[in-house]
Amino acid sequence: MIVWINGTHGAGKTTTSALVQSLLPGSRVFDAEKVGATLMDITPGLPATDNFQHWPPWRPLVVETARHVLGYVGGTLVIPMTVLVEQYWREISAGLAHHAIPVRHFVLHADQDTLRQRIEGDTVLGPSTFRLQHLEPYAEAARTWLHREAEVVDTTHLTPALAASRVAEAVKG
């Protein structure tokens, strides 16, 4: 099974995913961003883009990597990854379904002011223009498709531990 933790930058996906992994026996965290990093390392580079998710190979490579890891070790993969383009989510979820891999899709949500405060006050990564630029695309995706396609966990007033507990409890069900 895959537990996909979606949400915009600053929502707490990475922290929450590590905590979810500790609550789900036999689970592992798979950072699909590393697939993008691998594509970025190709020399000479792939066509210019502001987001590796726009490269067509990224989506099927995420599916194939997840499939092969699950085939090798079994269990559950917890994937913290922002996907705000509906077509990309459809490609990934259809690819996983094609291989009969069940997916529980969660979105960590917080209101815009909270997200902005978290990003601007981040003591690990520091304030990030890139992350701030994704607030409106996230809000648009949330309004138009994302919240219909996932189980929404509002983290506005939750600690990462409480958010992880809610996700893990829903998965254990």
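Refer to the structure above for everything that follows.
The shown structure was predicted, so the numbers you read here are calculated from the model rather than taken from an experiment.

*Asks:* Where do I start with unusual backbone geometry in this structure?
*Replies:* Among all residues except glycine, the phi angle is most often negative; among peptide bonds, the trans geometry is most common. With an omega dihedral of -15°, the bond running from T43 to P44 counts as a cis peptide bond. If you trace the backbone, P44 turns up in the loop between α2 (33-40) and α3 (58-73). Of note, the phi angle at A100 is positive, near 55°, even though the residue is not glycine. Topologically, A100 is positioned in the loop between α4 (86-98) and β4 (103-109). A100 sits in the exposed class, given a relative accessible area of 64%.

*Asks:* Please explain the sheet that holds strand β5 (residues 151-154) as it appears in this structure.
*Replies:* Where strands meet in a sheet, backbone hydrogen bonds hold them as pairs that are either parallel or antiparallel. As summarised here, the arrangement of the five strands in space is β2-β3-β1-β4-β5, forming an open sheet in which the pairing is parallel. Either end of the sheet is taken by a strand with one partner, and the two such strands are β2 (27-29) and β5. Neighbour-to-neighbour, the strand axes of the sheet open up by a mean angle of 20°, direction not taken into account. Bridge analysis of strand β1 (residues 2-6) against β4 gives five bridges, and the strand direction is parallel. Looking at β4, one finds that W4 is bridged to H105. Packing against the sheet, α3 makes contact with β1, β2 and β3 (76-80), and its axis sits at approximately 150° to β3.

*Asks:* Before we go on, may I ask you to explain the packing of helix α1 (residues 13-23) against helix α8 (residues 160-172) in this structure?
*Replies:* For any two helices packed against each other, the geometry comes down to the angle between their axes and how far apart the axes lie. As a packed pair, α1 and α8 sit with axes 8 Å apart at the nearest point and diverge in direction by 50°. Relative to α8, α1 is oriented oblique. Note that α1 runs across α8; the crossing there is right-handed. Facing α1, whose interface residues are T15, T16, L19, V20 and L23, α8 presents P160, A161, A163, A164, S165, V167, A168 and K172. Class assignment for the residues of the contact of α1 with α8 results in nine nonpolar, three polar and one charged.

*Asks:* Mind showing me how you'd approach the layout of surface pockets here?
*Replies:* To locate leftover empty space, one rolls a probe as large as a water molecule over the atoms. By volume, the largest pocket is sized at about 1100 Å³. Surrounding the largest pocket, 39 residues form its lining, H9, G10, K13, T82 and R131 being those nearest its centre. Residue assignment for the lining of the largest pocket shows that the elements contributing at least two residues are α1, α2, α6 (129-133) and α8. Per-element tally for the lining of the largest pocket: the top contributor is α1, with four residues. Tallied by class, residues from the lining of the largest pocket come to 15 nonpolar, 17 polar and seven charged.

*Asks:* Where do I start with the nonpolar core in this structure?
*Replies:* Generally speaking, nonpolar side chains in soluble globular proteins are found buried as a group. Counting residues in each nonpolar core, the largest one holds 49 residues, and the members touching the most others are I2, W4 and W58. With near-sequence residues (within four places) excluded, W4 lies in contact with V62, I79, M81, V83, W89, I92, V103, R104, H105 and F106.

What counts, and at which threshold
Residues numbered from 1 in each chain as written. Predicted model: local features only at pLDDT ≥ 70, side-chain atom pairs only at ≥ 80, totals over all residues. Heavy atoms only, no water. Helix = DSSP H or I, 4+ residues; strand = E, 2+ residues; numbered from the N terminus. Buried < 20%, exposed > 50% of the residue type's maximum accessible area, 1.4 Å probe, protein only. Pairing = 2+ DSSP bridges. Axes fitted to C-alpha atoms, helices over the stretch in contact; angles between N-to-C directions. Contact = heavy atoms within 4.5 Å. Parallel < 35°, antiparallel > 145°, perpendicular 65-115°, else oblique. Left-handed = near helix turned anticlockwise from the far one by under 90°. Nonpolar A, V, L, I, M, F, W, Y, C, P; charged D, E, K, R; others polar. 1 Å grid on protein atoms, 1.4 Å probe; cavity = no way out; pocket = protein on both sides within 12 Å on 5 of 7 lines; lining within 4 Å. Points joined across faces, edges and corners; volume = space filled by probe spheres on them. Core = buried A, V, L, I, M, F, W, Y, C linked by side-chain atoms within 4.5 Å.

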